[in-house]
Amino acid sequence: MIDYLVKLDTDLFLFLNGLHSPFWDSVMLFASGKLTWLPFYLLLIYFIARKHKWNTLWWLLAIAVVVLLADQLSVHLFKNVFQRLRPCHNPDLSGVIHLVGRCGGKFGFVSSHATNTFGVSVFLIMLYRNRWATVGLLSWAAFVSYSRIYLGVHYPADVIFGALLGSAIGYGVWHFANRLMNRYSKV
């Protein structure tokens, strides 16, 4: 059964990674960049500040906890434990994949990009509870996560499980932070 799932994951990766063009190469490389989304993050901070005024700092601290947990858990509880090679490091796929940019670390399960973006997205979705914010944030997280498959650095399962892990972290931190805010803002 495990072999079948690994083969299915590899086949899906090869299909999705094979849908490439010079235009999309540059778009997906841009989407995966660390500083690419800085204007988007500043816009999110603006909306948080506009709605939450003096509590903005506390919500930003909670988001920082989401990112810290997502980043550290995706590496130390998953990548370093499962040690599943990224597709771009898999010798069986050498010469078959379309690698755009650099490969990154040796192991890829789970995707830290997916974990981080879904963690922040779910946290903000819970904070705002707005249909358009939900659609926009989930679209952003899915786009960044898909770019990792497109670029040749993650299998679909890396992204799916990263998204699930990030979503759980985002919801958990929001729930904890919300309880603290409700408890101490009434004092």
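Residues numbered from 1 in each chain as written. Predicted model: local features only at pLDDT ≥ 70, side-chain atom pairs only at ≥ 80, totals over all residues. Heavy atoms only, no water.

**Student:** Break down the state of the cysteines for me, citing the residues and quoting the values.
**Tutor:** All chains considered together, the criterion is met by one disulfide. Shown here is the disulfide that connects C88 with C103, its sulfur atoms set 1.8 Å apart. One disulfide, between C88 and C103, carries an S-S torsion of 75 degrees and so falls in the right-handed class. Here the residue C88 occupies a position in the loop between α4 (56-82) and α5 (112-128), and C103 occupies one in the loop between α4 and α5, the gap between them amounting to 15 residues. Taken individually, C88 and C103 each receive the classification buried, so the pair is uniform in this respect. (Disulfide = S-S within 2.5 Å. Helix = DSSP H or I, 4+ residues; strand = E, 2+ residues; numbered from the N terminus. Buried < 20%, exposed > 50% of the residue type's maximum accessible area, 1.4 Å probe, protein only.)

**Student:** Kindly report on the packing of aromatic side chains, identifying the contributing residues and their values.
**Tutor:** A complete count under the given rule lists 15 aromatic pairs for this structure. On the numbers, 6.1 Å between centres and 65 degrees between planes, the contact of F78 with F109 is edge-to-face. Here F109 lies in the loop between α4 and α5 and F78 lies in helix α4, a separation of 31 residues in the sequence. You can call F78 partly exposed: its relative accessible area is 21%. (Phe/Tyr/Trp six-rings, centres within 6.5 Å; stacked < 30°, edge-to-face > 60°.)

**Student:** If you had to explain a nonpolar patch on the surface to someone new, which residues and values would you point to?
**Tutor:** Among the surface-exposed residues, M1, Y4, L5 and L8 lie close enough to one another that they form a single nonpolar patch of about 480 Å² accessible area. When you line up the elements, M1 lands in the segment before α1 (2-17). (Patch = residues over 30% accessible without salt bridge, like charges linked within 9 Å, V, L, I, M, F, W, Y side chains within 5 Å. Areas by Shrake-Rupley, 256 points an atom, 1.4 Å probe, with all protein chains shown as cover. Salt bridge = Lys/Arg side-chain N within 4 Å of Asp/Glu carboxyl O.)

**Student:** Explain the nonpolar core to me, using residue names and the numbers behind them.
**Tutor:** Membership of the largest hydrophobic core comes to 31 residues, with the highest contact counts inside it found for I48, W59, F123, L124 and L127. Secondary-structure elements contributing two or more residues to this core are α3 (38-52), α4, α5, α6 (131-150) and α7 (156-185). The element best represented in this core is α5, accounting for nine residues. Ranked by size, the runner-up nonpolar core spans eleven residues in total, among them F13, L93, I97 and I149. (Core = buried A, V, L, I, M, F, W, Y, C linked by side-chain atoms within 4.5 Å.)

**Student:** A description of the pattern of salt bridges should follow, citing residues and the corresponding values.
**Tutor:** The tally for this structure, following the rule as stated, stands at three salt bridges. Between D11 and K7 there is a salt bridge whose closest N-O contact spans 2.8 Å. In this pair, D11 and K7 both sit in helix α1, four residues apart, roughly one turn of the helix. In this structure D11 comes out as partly exposed when scored by relative accessible area, which is 35%. The partner of D9 in a salt bridge is R84, with the nearest N and O atoms 2.8 Å apart.

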